[in-house]
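Now for the letters of each chain:
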Amino acid sequence: MASSLRNLEGACTKNSVLDIHCGTFLKRWELTGTEYLVHFHSDSSIEKNGFTLQYFLGVSGTGAPTTTTTTIGPPVSAEVFLINDVLTNYSTENFPVRNLSTPVESVVEVYLAGVNSLDEVQQKLTTTIQFELTWYDDGMKWPTSKLSGISKILMPQNDLWKPDLALLNSFTSLSAMGSKFMFVVVENTGKCTWKPYQILESTCQADMTNYPYDTQECDLKFSTWSSTSDQVQTIVGSAGMRIHENFVENAEWKLEGVSQRNETINGQLTAVFTLRLKRNHSFIVFYVTIPVILLSLLNSLTFALPVSAGEKSGYAITVFLSFLIYVIVTFQKMPDSSDTISLFAIYVLILTGMSNLTVIISVLEIRMMELKTKHKPMLQCTISFTKMILNLQHRFLCIKEEMDEKRYLQEQMESTQRKSVANGDDDDDDDIEEEDNTWPEFVSALDFVCFWVFFIVSLSLAVGYMVYLATQ
């Protein structure tokens with residue numbers, strides 16, 4: 001085996017294949033048997049038969065190639081001749097079958113390279129997909145024995161017919177797959193393999209019932225958008241959807257599984273790939289769910305504050321406004337046109353309603369503290385309720401003193417008698433009013449009841465909500 005190296009110095013030259021180059025180097029190996037030429041169009045390297053070839057920018061004694069295909073095998077001229085031969089009288093507008101009654105079978109397999117995002121509000125799924133489409137083209141067949149053993153060539157995708165595959169449930173509009181710089185691998189048997197790389201935006205109907213512990217299933221539906229099933233049939237390949245070796249995990253959504261099937265949509269055979277995504281709920285649990293549960297317990301503490309403290313209504317309003325903030329935050333994550341309602345949103349709304357009721361009761365209690373039995377005598381049922389609750393409170397707090405019902409009846413009789421007595425000194429009236437004031441005791445009894453009712457209801461709602469989610 002002999003080799004030679006020449007340095008062709010001189011002025012810079014330019015052609016359509018090699019672009020601009022100054023001072024080219026040519027190295028040639030004299031190998032036994034068939035001569036192999038390797039052509040590079042950019043700085044690169046490759047190993048062949050133990051040699052490393054680098055920066056090969058031209059071929060001595062051979063005209064400039066007319067194709068940009070990089071080959072290792074038969075002479076470049078043979079491949080150029082083959083490409084020109086198969087493209088003679090070839091039209092990309094004609095179906096690649098000799099019998100038009102036979103539909104073209106387009107086999108679709110996909111590699112999922114990443115789940116970029118899932119926007120529940122817009123109901124939009126963004127994914128990165130690499131396709132692998134195969135079909136047979138009767139116009140792309142040749143005998144390998146007559147063409148230096150060439151069995152496979154690369155063709156620009158716009159130079160031959162390809163399926164007009166499109167994403168049917170596209171979020172924006174239908175668009176053709178691939179780009180003009182992509183190639184199709186064509187074999188001598190007519191088998192064509194096309195691997196376009198695409199970022200897709202598809203619609204995904206989100207089910208927000210179990211938010212933020214939800215799992216979503218999103219479909220990617222592919223079919224031909226201008227051809228009928230009698231012309232082109234889109235079929236899911238045996239491998240279906242696979243995970244790309246460079247798959248990138250999503251921080252918010254975890255891919256739990258994929259599936260594939262064939263469906264007939266509007267009379268068109270369609271390849272459907274389903275992604276099952278589970279939300280990573282750690283962020284929402286720590287920053288939304290737990291604070292809401294703790295805030296719900298503050299509702300009941302409103303009734304632990306005495307009215308005389310002067311902060312009862314202010315405290316209740318502050319808690320109510322805090323719930324309103326979480327209502328806004330929660331509904332910002334909800335789609336406007338969803339068919340389902342999030343249980344968490346319902347839970348927050350119930351707590352907000354309870355907080356609103358707390359504000360109302362607090363304001364009414366402040367008003368009742370100003371009432372006097374002289375002007376607004378208490379009803380017998382109110383007196384009985386107050387006696388029963390205060391006695392229960394005393395037992396609960398281990399206080400031995402109990403209410404005397406006769407004292408209430410006596411106060412009511414004295415209040416009636418005062419109405420017939422002429423007005424005396426103002427100071428005497430004030431003393432009498434202070435003595436017959438029993439409304440504060442009713443407010444105290446009401447606070448005791450509301451405290452435990454709101455506490456038990458809030459705790460039950462929190463426990464029930466968490467148990468339901470744990471069973472899902």
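Located above this text is the structure these notes cover.
My aim in this report is to walk through the structure given alongside it, one point at a time. The structure displayed is predicted, hence computed values, not measured ones.

With that settled, consider the overall build of the protein. Within the protein one finds 8 helices and 17 strands. Roughly 26200 Å² of accessible area belongs to the protein as shown, and the carbon and sulfur atoms make up 55% of that amount.

Counting 45 residues, the largest nonpolar core has Phe131, Val186, Phe222 and Phe273 as the members making the most contacts within it. Dropping the residues within four chain positions of it, phenylalanine 273 is found in contact with Val108, Val110, Cys218, Asp219, Leu220, Phe222, Val236, Gly240, Met241, Ser259 and Gln260. Listed in part, the 35 residues of the second largest apolar core include Val348, Ile361, Phe442 and Leu469.

Another point: the sheet that holds strand E16 (residues 253-265). Pairing within the open sheet is antiparallel, and its 4 strands lie in the order E10-E14-E17-E16. Edge strands, defined here as strands with exactly one partner in the open sheet, are strand E10 (165-167) and E16. Averaged over neighbouring strand pairs, the angle between their axes works out to 25 degrees when direction is ignored. Pairing analysis gives 3 bridges linking E10 to strand E14 (residues 215-224), with the strands arranged antiparallel. Looking at the pairing, leucine 167 lines up with phenylalanine 222 of E14.

Here strand E9 (residues 152-156) shows one buried face, formed by Ile153 and Met155, and one open face, formed by Lys152, Leu154 and Pro156. Sheet topology places E9 next to strand E11 (residues 183-187); 5 bridges connect them, and they run antiparallel. Residue proline 156 lies in a different strand from E11, and its bridge partner there is phenylalanine 183.

With that out of the way, let us pick up the packing of helix H2 (residues 282-301) against helix H8 (residues 439-470). It is at 7 Å that the axes of H2 and H8 come closest, and there the two elements cross at 165 degrees. With respect to H8, the axis of H2 lies roughly antiparallel. Where H2 crosses over H8, the two elements pack in a sense that is right-handed. Along the contact surface, H2 presents Ile293, Ser296, Leu297, Asn299, Ser300 and Leu301, while H8 presents Phe451, Phe454, Phe455, Ser458, Ala462 and Met466.

The next thing to look at is a nonpolar patch on the surface. A cluster of nonpolar side chains, Phe283, Phe286, Tyr287, Ile290 and Leu294, forms an exposed patch at the surface whose accessible area comes to about 590 Å². On the accessibility criterion, phenylalanine 286 (59% relative accessible area) is exposed.

Summed over the entire model, instances satisfying the criterion amount to 12 salt bridges. Between aspartate 138 and lysine 141 there is a salt bridge, with its nearest N and O atoms 3.5 Å apart. Judged by its relative accessible area of 18%, aspartate 138 is buried. Lysine 141 gets classed as partly exposed once you look at its relative accessible area, which sits at 46%. The closest approach of N and O atoms between arginine 279 and aspartate 214, which form a salt bridge, is 2.6 Å. Here arginine 279, found in strand E17 (residues 268-279), pairs with aspartate 214, found in the loop between strand E13 (197-203) and E14; they are 65 residues apart in sequence, far enough to count as distant. The class for arginine 279 is buried, based on a relative accessible area of 3%. If you follow the salt bridges from partner to partner, you end up with Glu120, Asp214, Glu252 and Arg279 in one network.

This part is about the environment of lysine 387. Along the chain, the position of lysine 387 falls in helix H5 (residues 380-396). For the pair lysine 387 and alanine 445, spaced 58 residues apart in sequence, the C-alpha separation works out to 8.4 Å.

The next subject is helix H3 (residues 312-331). For H3, built from 20 residues, the straight-helix expectation of 28 Å at 1.5 Å per residue is met to within 8% by its first-to-last C-alpha distance of 29 Å. Among the residues making up H3, those that are buried are Lys312, Ala316, Val319, Phe320, Phe323, Tyr326, Val327 and Thr330. Each buried residue of H3 lies within a common arc of 115 degrees when the element is viewed along its axis, so the set occupies one face. Every exposed residue of H3 that faces more than 90 degrees away from the buried side is listed here: Ile325 and Ile328. At its buried positions, H3 is contacted by H2, helix H4 (343-368) and H8.

This next bit is on the environment of valine 236. Structurally, the position occupied by valine 236 is in strand E15 (residues 232-248). Here the alpha-carbon distance between valine 236 and glutamate 263, two residues 27 residues apart in the chain, equals 10.0 Å. For valine 236, the contacting residues outside a window of four places in its chain are Val107, Val108, Gln260, Arg261, Asn262, Ala271, Val272 and Phe273.

What counts and what doesn't
Residues numbered from 1 in each chain as written. Predicted model: local features only at pLDDT ≥ 70, side-chain atom pairs only at ≥ 80, totals over all residues. Heavy atoms only, no water. Helix = DSSP H or I, 4+ residues; strand = E, 2+ residues; numbered from the N terminus. Areas by Shrake-Rupley, 256 points an atom, 1.4 Å probe, with all protein chains shown as cover. Core = buried A, V, L, I, M, F, W, Y, C linked by side-chain atoms within 4.5 Å. Buried < 20%, exposed > 50% of the residue type's maximum accessible area, 1.4 Å probe, protein only. Contact = heavy atoms within 4.5 Å. Pairing = 2+ DSSP bridges. Axes fitted to C-alpha atoms, helices over the stretch in contact; angles between N-to-C directions. Parallel < 35°, antiparallel > 145°, perpendicular 65-115°, else oblique. Left-handed = near helix turned anticlockwise from the far one by under 90°. Patch = residues over 30% accessible without salt bridge, like charges linked within 9 Å, V, L, I, M, F, W, Y side chains within 5 Å. Salt bridge = Lys/Arg side-chain N within 4 Å of Asp/Glu carboxyl O. Expected span 1.5 Å × (residues − 1). Arc of directions from axis to C-beta.

What is shown is where atoms sit, not what they do.
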